[in-house]
Amino acid sequence: KELLYRCLEELGATKAALYLASSQSSFELVVQYGFGKRDAIAAEIKTGNPLWDWLRRHRTQPAFLNDTSDDRTLGPLLESAGTARLLTIPLTLGDRLIGLVDVRDKARRAHFTHADATAARTIGKALEDLVGTIGIYGPVPEPATLEVAAMPTPPPATTAVTPPAEAPPPALHTSIVESVA
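Everything numeric in this text was worked out from a predicted model, so none of it was measured.

Reading guide: rules and limits
- Residues numbered from 1 in each chain as written.
- Predicted model: local features only at pLDDT ≥ 70, side-chain atom pairs only at ≥ 80, totals over all residues.
- Heavy atoms only, no water.
- Salt bridge = Lys/Arg side-chain N within 4 Å of Asp/Glu carboxyl O.
- Helix = DSSP H or I, 4+ residues; strand = E, 2+ residues; numbered from the N terminus.
- Buried < 20%, exposed > 50% of the residue type's maximum accessible area, 1.4 Å probe, protein only.
- Contact = heavy atoms within 4.5 Å.
- Axes fitted to C-alpha atoms, helices over the stretch in contact; angles between N-to-C directions.
- Parallel < 35°, antiparallel > 145°, perpendicular 65-115°, else oblique.
- Left-handed = near helix turned anticlockwise from the far one by under 90°.
- Pairing = 2+ DSSP bridges.
- Polar contact = N/O pair within 3.5 Å; in protein donor to acceptor, adjacent residues only side chain to side chain.
- Core = buried A, V, L, I, M, F, W, Y, C linked by side-chain atoms within 4.5 Å.
- Arc of directions from axis to C-beta.
- Phe/Tyr/Trp six-rings, centres within 6.5 Å; stacked < 30°, edge-to-face > 60°.

Asker: How do you make sense of the pattern of salt bridges when you look at a structure like this?
Answerer: Two side chains that carry opposite charge are able to pair once their charged atoms sit near each other. For the structure shown, the criterion picks out eight salt bridges. Here Lys-106 makes a salt bridge to Asp-116, at a shortest N to O gap of 2.7 Å. Within this pair, whereas Lys-106 is found in strand β6 (residues 96-106), its partner Asp-116 is found in helix α4 (residues 114-134), the two being separated by 10 residues in sequence. The exposure classification of Lys-106 matches that of Asp-116, with both residues buried. Between Glu-128 and Arg-121 there is a salt bridge; the shortest N-O distance is 3.0 Å.

Asker: Even after reading the chapter, I still don't get the side chain of Lys-15, so can you show me in this structure?
Answerer: By secondary structure assignment, the location of Lys-15 is in strand β1 (residues 13-21). Of the residues examined, Lys-15 reaches a relative accessible area of 10% and is grouped as buried. The contacts of Lys-15, once residues within four sequence positions are left out, are Tyr-33, Gly-34, Phe-35, Asp-39, Thr-83, Asp-102, Val-103, Arg-104 and Asp-105.

Asker: For this particular structure, what's the right way to read the packing of helix α1 (residues 2-11) against α4?
Answerer: Geometrically, a packed helix pair is captured by the angle between its two axes and the distance between the axes. Two elements in contact, α1 and α4, have axes whose closest approach is 10 Å; the angle formed by their N-to-C orientations is 165°. It follows that α1 is roughly antiparallel to α4 by the angle criterion. Of the two elements, α1 crosses α4, and the hand of that crossing is right-handed. Between α1 and α4, the residues in contact are Leu-3, Arg-6, Cys-7, Glu-10 and Leu-11 and Asp-116, Ala-119, Ala-120, Thr-122, Ile-123, Ala-126, Leu-127 and Leu-130, respectively.

Asker: What exactly am I supposed to notice about the pairing of strand β2 (residues 27-33) here?
Answerer: It is a general feature of regular strands that their side chains alternate between the two faces of the sheet. Strand direction decides the pairing type here: β1 and β2, joined by six bridges, are antiparallel. Pairing of Ala-17 across the sheet is with Gln-32, part of β2. Between the antiparallel neighbours β1 and β2 lie five residues, among them Ser-25 with a positive phi of about 55°. With two bridges joining them, β2 and strand β3 (residues 44-45) adopt antiparallel strand pairing. For Glu-28, the partnering residue across the bridge sits in β3 and is Glu-44.

Asker: Mind showing me how you'd approach helix α2 (residues 50-57) here?
Answerer: For the α-helix, the turn length of 3.6 residues means that residues three or four positions removed from each other point alike. Within α2 the residues assigned to the buried category are Pro-50, Leu-51, Trp-52, Trp-54 and Leu-55. Looking at the packing, one finds that the buried side of α2 touches β2, β3, β4 (63-65), α3 (74-80), β5 (86-93) and β6. Between the side-chain oxygen of the N-cap and the backbone nitrogen of Leu-51 there are 2.7 Å, and the N-cap of α2 in question is Asn-49.

Asker: What exactly am I supposed to notice about the nonpolar core here?
Answerer: For soluble globular proteins, nonpolar side chains are generally found buried alongside one another. Core analysis: the largest hydrophobic core is formed by 39 residues, its most contacted members being Cys-7, Phe-27, Leu-91, Val-101 and Val-103. Ranked by the residues each element gives to this core, the list is headed by β1, at seven residues. Leaving out residues up to four positions away in the same chain, Leu-91 has contacts with Leu-18, Leu-20, Arg-96, Leu-97, Ile-98, Gly-99, Leu-100, Val-101, Gly-124, Leu-127 and Glu-128.

Asker: Even after reading the chapter, I still don't get α1, so can you show me in this structure?
Answerer: What α1 keeps buried is the set Leu-4, Arg-6, Cys-7 and Leu-11. The buried residues of α1 all sit within an arc of 135° when viewed along its axis, so they share a single face. Away from its buried face by more than 90 degrees, α1 exposes Glu-2 and Glu-9. Gly-12 sits one or two positions beyond α1 and adopts a positive phi of about 75°.

Asker: I would appreciate a short explanation of the packing of aromatic side chains in the present structure.
Answerer: Between two aromatic rings, the relevant description is the distance of the centres plus the angle of the planes. By the definition in use, this model includes two aromatic pairs. Arranged with centres 5.2 Å apart and planes meeting at 40°, the rings of Tyr-5 and Tyr-33 form a pair that is tilted. Within this pair, whereas Tyr-5 is found in helix α1, its partner Tyr-33 is found in strand β2, the two being separated by 28 residues in sequence. Between the aromatic rings of Phe-27 and Trp-52, the centroid separation amounts to 5.3 Å while the plane-to-plane angle is 50°, which identifies the pairing as tilted. With a gap of 25 residues between them, Phe-27 in strand β2 and Trp-52 in helix α2 connect regions that are remote in the sequence.

Here is the structure:
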């Protein structure tokens, strides 16, 4: 929950919720702050939920929506929740999408900005590290490394290589040839 409070401190958000992937191909609410009894917050995000579709479209970087009319499918969901602004932070381990942070509304009705998205990525990385350390999704994949094969070192250009002198071909002993004939 402390990492979610960073959304309040660093993004100025009034609400945030952490969802993690379940075994049922959905995301389940783990912890939240700022959502009251009148706020509509889903306990689970499944296929077909506009937030699921939004996350699938923005699965690699934080994304925000400041005007509900800018997204025909997500807009009505936000309006029914009494919210006008949304920022999502996708959480990944390796190439697997393991969750998201649903951040709503900024203080004084301010809009989310690209600077907020950058700060949100830092918060997301801290959450990914925590989930990876706990190990609930198995071992954390090692980052891919690129190995470059060693190239042989050519001899220095100033070194002259002299080929060995050719030895004369061996002489035929005529005595052996004559004795066979």
